[in-house]
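As a plain string of letters, each chain reads:
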Amino acid sequence: NFDESQFTAREMDIIEAVAEGMSNREIAEKLFLSEGTVKNHISSILEKGGLSHRTQVAVYYLTGKR
């Protein structure tokens, strides 16, 4: 169940970027982070959301399954 309240503002920025189809490198450049930091955030997002891969993050975000 995708509940935005469980994510930090930074994680929501990353979720939105994933939903736009951006790569980790593109997200890192957009948000002025290292790729490693983006990967760590995505791992946290997947864990919090009970998701197994980034495509699910985009689907849940875009379809409003929250």
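Residues numbered from 1 in each chain as written. Predicted model: local features only at pLDDT ≥ 70, side-chain atom pairs only at ≥ 80, totals over all residues. Heavy atoms only, no water.

### Focus: the overall build of the protein
Each helix and strand counted, the protein has four helices and zero strands in total. Tracing the protein from N to C terminus, the helices and strands come up as α-α-α-α. A compact globule built from 66 residues should have a C-alpha radius of gyration of about 11 Å, and the protein, at 11 Å, falls within 12% of that. Taking the principal axes of its C-alpha atoms as reference, the protein extends roughly 30 × 20 × 20 Å. A separation of at least 24 residues holds for 54% of the contacts in the protein among residues at least 6 apart in sequence. (Helix = DSSP H or I, 4+ residues; strand = E, 2+ residues; numbered from the N terminus. Rg over C-alpha atoms; globule rule 2.2 N^0.38 Å. Contact = heavy atoms within 4.5 Å.)

### Details of the pattern of salt bridges
One pass over the full model with this rule turns up four salt bridges. Residue Lys-48 is joined to Glu-11 by a salt bridge in which the shortest nitrogen-to-oxygen separation is 2.9 Å. Of this pair, Lys-48 sits in helix α3 (residues 35-49) while Glu-11 sits in helix α1 (residues 9-19), and the two are 37 residues apart along the sequence. Residue Glu-20 pairs with Lys-30 through a salt bridge whose shortest N-O separation is 3.7 Å. Here Glu-20, found in the loop between α1 and α2 (24-31), pairs with Lys-30, found in helix α2; they are 10 residues apart in sequence, far enough to count as distant. According to the relative accessible area criterion, Glu-20 is exposed, its value standing at 53%. Of the residues examined, Lys-30 reaches a relative accessible area of 42% and is grouped as partly exposed. (Salt bridge = Lys/Arg side-chain N within 4 Å of Asp/Glu carboxyl O. Buried < 20%, exposed > 50% of the residue type's maximum accessible area, 1.4 Å probe, protein only.)

### Some points on the nonpolar core
Core analysis: the biggest nonpolar cluster contains 19 residues, and Ile-14, Ile-15, Val-18, Ile-27, Ile-42, Ile-45 and Val-57 have the highest contact counts within it. Per element, the largest residue contribution to this core is six residues, and it comes from α1. Excluding residues within four positions of it along the chain, Ile-14 makes contact with Ile-27, Leu-31, Leu-33, His-41, Ile-42 and Ile-45. (Core = buried A, V, L, I, M, F, W, Y, C linked by side-chain atoms within 4.5 Å.)

### Some points on the packing of α1 against α3
Where α1 meets α3, the closest approach of the two axes is 10 Å, and the angle between their N-to-C directions is 90 degrees. One finds that α1 runs roughly perpendicular with respect to α3. In contact with Arg-10, Glu-11, Ile-14, Ile-15 and Val-18 of α1, α3 contributes His-41, Ile-42, Ser-44, Ile-45 and Lys-48. Residues that form the contact of α1 with α3 fall into these classes: five nonpolar, two polar and three charged. (Axes fitted to C-alpha atoms, helices over the stretch in contact; angles between N-to-C directions. Parallel < 35°, antiparallel > 145°, perpendicular 65-115°, else oblique. Nonpolar A, V, L, I, M, F, W, Y, C, P; charged D, E, K, R; others polar.)

### Quick word on the side chain of Glu-11
A relative accessible area of 4% means that Glu-11 is categorised as buried. Excluding its chain neighbours within four sequence positions, the residues that come into contact with Glu-11 are Gln-6, His-41, Ser-44, Ile-45 and Lys-48.

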